[in-house]
Amino acid sequence: MKNDLSCDVVKDLLPSYIDELTSEDSNKAVAEHLSKCKVCQEVYKSMCPDKKAAGENIQKEIDYLKSIKKKNVKKIRKAVLWTVSSLLIAFAVFIFTVLFIVGNPANGYTNRPSVTEKDGILYLEFHNPNSAQSYAHWKTEYIDPCDGKGTELNYDVKISARTPNSSVFYPSGDHIIEIELENIHSVSFMGLLLWQDGLIISPDSEQIFHRQYPYAGSAPQMGYVLDALKLPNVEASSSIQSDGEPYGWTIHYKQPLDEADISLMSQNAPIVLSLVGNLGEFGFTYPDGKGGETEWRISVSEVEDMLPELYDEYNQKHGTDWEPLESLKDYTDSVYFFQQLLNVLNY
């Protein structure tokens with residue numbers, strides 16, 4: 001481009017020149033013209049401050065947006081921090097409430113009370129085996145199983161509790177409940193039967209009752225049944241006769257038994273027969289000390305024939321009016337009847 005631009009052409013090019021949009025040749029031509037023309041110089045100077053002001057305004061807007069962004073970031077950080085802190089506090093309060101205020105439901109087995117009956121009152125004494133826990137939130141319900149439609153009022157008393165951790169809120173783990181037994185049919189704690197119709201259910205009976213098994217044949221499971229019973233402390237093995245009915249089970253002792261051990265085994269036999277669903281016979285053998293072997297066996301039918309007489313003796317001695325069940329296997333239908341059997345057998 002020739003450097004003989006007119007003022008009008010330069011004025012037309014100045015906006016592009018100021019914005020650096022013109023070519024290199026045009027830039028040289030305009031610059032050379034401005035160096036010689038004072039009129040165009042004034043025009044150029046008048047146009048440059050506008051650009052500077054516009055740039056300053058843009059920079060102010062950018063700075064303002066940056067400051068807003070910083071404030072928003074701070075607000076977001078504060079909001080996140082507050083939210084996290086609130087959640088942590090809420091979680092801590094929840095855990096504290098669950099552990100020290102609400103607690104877990106009491107366990108009927110591990111928290112089982114001692115039970116005594118005197119002068120028509122049932123005393124339940126709760127002693128928590130875990131000193132770090134306490135009893136709280138006791139609830140005693142009197143439930144009429146006939147829903148008011150029966151001719152007599154016989155309530156089932158159901159007791160429940162929770163076991164929060166010991167604290168200033170619940171410092172003691174011990175608790176005593178007294179229940180007047182008039183018009184009461186049964187008393188249970190957390191679903192565990194403690195008393196029914198004048199009969200206290202012992203912890204041992206409850207444990208043995210839950211060892212029942214439907215079939216003779218599984219050696220480990222049969223051993224599990226025996227583990228709950230009182231047996232002679234003598235080395236022994238066992239054999240199961242499962243080829244055909246009546247199914248049998250025999251304990252083979254490797255040492256002679258004294259009179260106390262023999263009595264104990266004969267006392268255990270009806271219990272074993274009641275616990276194993278299809279077991280028809282139970283017996284034991286032991287060395288007689290003369291190189292031979294003594295065997296003792298009893299069947300389900302023989303036990304059932306014995307029970308009426310045993311019931312009569314028990315009723316006369318204790319003033320009860322219990323009656324034997326039709327089948328020995330029926331005693332494992334409820335822990336109440338199973339406890340009856342154990343009492344009659346003087347177990």
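Structure shown above.
Residues numbered from 1 in each chain as written. Predicted model: local features only at pLDDT ≥ 70, side-chain atom pairs only at ≥ 80, totals over all residues. Heavy atoms only, no water.

(A) Summary view of the overall build of the protein. Helix and strand content of the protein: 8 helices and 13 strands. A compact globule built from 347 residues should have a C-alpha radius of gyration of about 20 Å, whereas the protein, at 47 Å, is more than 25% larger. Considered along the principal axes of its C-alpha atoms, the protein spans approximately 145 × 55 × 40 Å. Out of the 347 residues in the protein, the part that is buried amounts to 32%. Look at the contacts in the protein between residues 6 or more apart in sequence, and 62% of them connect residues 24 or more apart. When the accessible surface of the protein is totalled, it reaches about 21300 Å², and 52% of it is carbon and sulfur. The centroid of the 30 positive side-chain charges in the protein is displaced by 31 Å from the centroid of its 50 negative side-chain charges. (Helix = DSSP H or I, 4+ residues; strand = E, 2+ residues; numbered from the N terminus. Rg over C-alpha atoms; globule rule 2.2 N^0.38 Å. Buried < 20%, exposed > 50% of the residue type's maximum accessible area, 1.4 Å probe, protein only. Contact = heavy atoms within 4.5 Å. Areas by Shrake-Rupley, 256 points an atom, 1.4 Å probe, with all protein chains shown as cover. Lys, Arg positive; Asp, Glu negative; His and termini not counted. Charge placed at Lys NZ, Arg CZ, Asp CG, Glu CD.)

(B) Focus on the sheet that holds strand S10 (residues 236–241). Strand order in the open sheet formed by 4 strands is S10-S11-S12-S13, with mixed pairing between adjacent strands. One side of each edge strand has no neighbouring strand; the edge strands of this open sheet are S10 and strand S13 (293–299). Averaged over all neighbouring strand pairs, the angle between strand axes comes to 15°, with direction disregarded. As paired strands, S10 and strand S11 (residues 247–253) are joined by 6 bridges and run antiparallel to one another. From the neighbouring strand, Ser238 faces S11, where its bridge partner is Ile251. (Pairing = 2+ DSSP bridges. Axes fitted to C-alpha atoms, helices over the stretch in contact; angles between N-to-C directions.)

(C) A look at the packing of helix H1 (residues 7–18) against helix H2 (residues 24–36). Contact geometry of H1 with H2 gives a least axis separation of 10 Å together with a crossing angle of 120°. One way to sum up the angle between H1 and H2 is to call them oblique. In the crossing of H1 with H2, the sense of the turn from one axis to the other is left-handed. Residue-level contacts link Cys7, Val10, Leu13, Leu14 and Tyr17 of H1 to Asn27, Val30, Ala31, His33 and Leu34 of H2. Among the residues forming the contact of H1 with H2, the class breakdown is 8 nonpolar, 2 polar and no charged. (Parallel < 35°, antiparallel > 145°, perpendicular 65-115°, else oblique. Left-handed = near helix turned anticlockwise from the far one by under 90°. Nonpolar A, V, L, I, M, F, W, Y, C, P; charged D, E, K, R; others polar.)

(D) The pairing of strand S7 (residues 184–189), seen in detail. For S7, the buried fraction is high: 5 of the 6 residues fall into the buried class. Here strand S5 (residues 155–163) runs beside S7; their pairing, made up of 5 bridges, is parallel. Paired with Ile159 across the two strands is Phe189, which belongs to S7. The pairing of S7 with strand S8 (residues 192–196) spans 4 bridges and is classified as antiparallel. The partner of Ser186 across the bridge, within S8, is Gln196. Hairpin geometry of S7 and S8 is characterised by an intervening segment of 2 residues between the two adjacent antiparallel strands and by a positive phi of about 50° at Met190.

(E) The arrangement of helix H6 (residues 259–275) in detail. Over its 17 residues, H6 runs 25 Å from end to end, which matches the ideal 24 Å to within 8%, given 1.5 Å per residue. Along H6, the sharpest change in direction is near 30° and occurs at Ala269; proline Pro270 comes one to four residues later. For H6, the tally of buried residues reaches 12 of 17 residues, placing the bulk of the element in the interior. Taken residue by residue, H6 has Asp261, Ile262, Leu264, Met265, Asn268, Ala269, Pro270, Ile271, Val272, Leu273, Ser274 and Leu275 as its buried positions. For H6, the capping residue at the N-terminal end is Asp258, with a side-chain oxygen 3.2 Å from the backbone nitrogen of Ala260. (Expected span 1.5 Å × (residues − 1). Bend = angle between axes of the 7 residues up to and from the residue. Polar contact = N/O pair within 3.5 Å; in protein donor to acceptor, adjacent residues only side chain to side chain.)

(F) Structural context of helix H7 (residues 300–318). For H7, spanning 19 residues, the distance from its first C-alpha to its last is 26 Å, which sits close to the expected 27 Å at 1.5 Å a residue. Of all the bends in H7, the greatest, near 30°, is centred on Leu307, and the proline Pro308 appears no more than four residues after it. Among the residues of H7, those classed as buried are Val300, Val303, Leu307, Tyr311, Tyr314 and Asn315. For H7, the secondary structure elements touched by its buried residues are H6, strand S12 (279–287), S13 and helix H8 (335–344).

Bear in mind that shape data such as this cannot, by itself, settle questions of function.
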